[in-house]
Amino acid sequence: AFLPYNFHLKFVVGLVYSLSFIYVVTTKGFFSSTPPLILARQVMFFYIVHAVLAFAVEHFIRKQGALAMALDEESEKVDELLLNILPASIASRLKAGEENIFDKADNVTIIFADLVGFTEMAAKMSPAKVVKILNDIFSRFDLSAEMYGVEKIKTMGDNYFAASGIPEPCDDHAERIANLALEFS
């Protein structure tokens with residue numbers, strides 16, 4: 001398990017090849033001016049150099065593959081984070097290299113929802129319970145916003161901020177927000 005499988009295979013094939021070569025050379029009288037022992041040492045030396053180089057190359061290739069996979073995984077995580085905090089159209093523009101993204105929007109309606117009385121109620125609960133309740137409520141808000149084509153902008157504590165008409169313009173932005181507000185109540 002210490003060496004990669006492909007290296008083991010290369011090692012065995014190379015060793016068999018080298019031993020076969022030495023056998024043929026020494027028994028058939030090739031290179032008769034070179035003593036067989038010296039010839040065998042030279043072949044074995046070159047074989048060992050070849051084996052070490054094969055191992056180094058394979059190790060380098062595997063390392064590069066592992067780094068590429070890790071880079072792909074991290075890139076996916078960055079993409080997920082971008083989509084958690086930005087609309088998809090803006091995230092794709094950022095990934096494409098666009099800087100200082102701004103667009104003019106003529107017709108936009110926003111909603112700012114506050115969970116009235118939640119702060120006082122939360123003071124009597126454990127932090128874990130507060131986070132769970134907010135997560136449940138805002139997850140439902142997110143589903144409703146998505147259903148009406150409204151873009152969630154931000155949650156802050158027990159407040160929810162969303163907008164319609166951005167980043168994609170629409171003529172029914174006010175109606176979408178009104179429907180969302182009715183869902184919230």
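Here the structure is shown first, and the text comes after it.
Everything in this summary refers to the structure shown in the same document. (Residues numbered from 1 in each chain as written. Predicted model: local features only at pLDDT ≥ 70, side-chain atom pairs only at ≥ 80, totals over all residues. Heavy atoms only, no water.)

Digging into the pattern of salt bridges
Pairs can form between side chains of opposite charge whenever their charged atoms are close. A full pass over the atoms with the stated rule returns 8 salt bridges. Put simply, E74 and K77 hold a salt bridge, and the shortest N to O gap is 3.4 Å. Here K77 and E74 lie together in helix α2 (residues 36-85), a separation of 3 residues that amounts to about one turn. E74 gets classed as partly exposed once you look at its relative accessible area, which sits at 43%. Note on K77: relative accessible area 48%, which makes it partly exposed. Note that K95 and D79 form a salt bridge whose closest N and O atoms lie 3.3 Å from each other. Of the two residues, K95 sits in helix α3 (residues 88-95) while D79 sits in helix α2, which places them 16 residues apart along the sequence. For D79, a relative accessible area of 23% translates into the label partly exposed. If you follow the salt bridges from partner to partner, you end up with R93, E98 and D103 in one network. (Salt bridge = Lys/Arg side-chain N within 4 Å of Asp/Glu carboxyl O. Helix = DSSP H or I, 4+ residues; strand = E, 2+ residues; numbered from the N terminus. Buried < 20%, exposed > 50% of the residue type's maximum accessible area, 1.4 Å probe, protein only.)

A word on the pairing of strand β3 (residues 159-164)
Within β3, 5 of the 6 residues are buried, which leaves it mostly tucked inside the rest of the structure. Bridge count between strand β2 (residues 151-156) and β3: 5 bridges; the pairing is antiparallel. Bridging from a neighbouring strand, E151 pairs with A163 of β3. Here β2 folds back onto β3, and the loop between the two strands holds 2 residues, one of which, G157, carries a positive phi near 65°. (Pairing = 2+ DSSP bridges.)

Let's talk about the side chain of N159
Mapped onto the secondary structure, N159 falls in strand β3. In contact with N159, not counting residues within four places along its chain, are F112, A113, D114, F138 and K154. (Contact = heavy atoms within 4.5 Å.)

A word on the packing of aromatic side chains
One pass over the full model with this rule turns up 6 aromatic pairs. With 3.7 Å between their ring centres and 15° between their planes, F141 and F184 make a pair best called stacked. Of the two residues, F141 sits in helix α5 (residues 127-148) while F184 sits in helix α6 (residues 173-184), which places them 43 residues apart along the sequence. When sorted by exposure, F141 lands in the same class as F184, which is buried. Each member of the aromatic cluster is reached from another via a ring pair, and the members are F138, F141, Y160 and F184. (Phe/Tyr/Trp six-rings, centres within 6.5 Å; stacked < 30°, edge-to-face > 60°.)

Thoughts on α5
Along an α-helix, residues three or four apart share an orientation, since each turn contains 3.6 residues. Between its first and last C-alpha, α5 extends 31 Å over 22 residues, near the 32 Å set by a 1.5 Å rise per residue. Within α5, the full set of buried residues consists of V130, L134, I137, F138, F141, S144 and A145. One face of α5 carries all of its buried residues, which in axial projection span an arc of 110°. In α5, the exposed positions angled more than 90 degrees off the buried face are occupied by A128, V131, K132, R140, L143, E146 and M147. Its buried side turned inward, α5 meets α4 (118-122), β2, β3 and α6. Downstream of α5 by a residue or two, G149 has a phi angle that is positive, lying close to 70°. (Expected span 1.5 Å × (residues − 1). Arc of directions from axis to C-beta.)

Digging into the environment of M156
Here M156 lies in strand β2. With a relative accessible area of 35%, M156 lands in the partly exposed category. For the pair M156 and D114, spaced 42 residues apart in the sequence, the C-alpha separation amounts to 9.5 Å. Excluding residues that lie within four positions of it along the chain, M156 makes contacts with F112 and F161.

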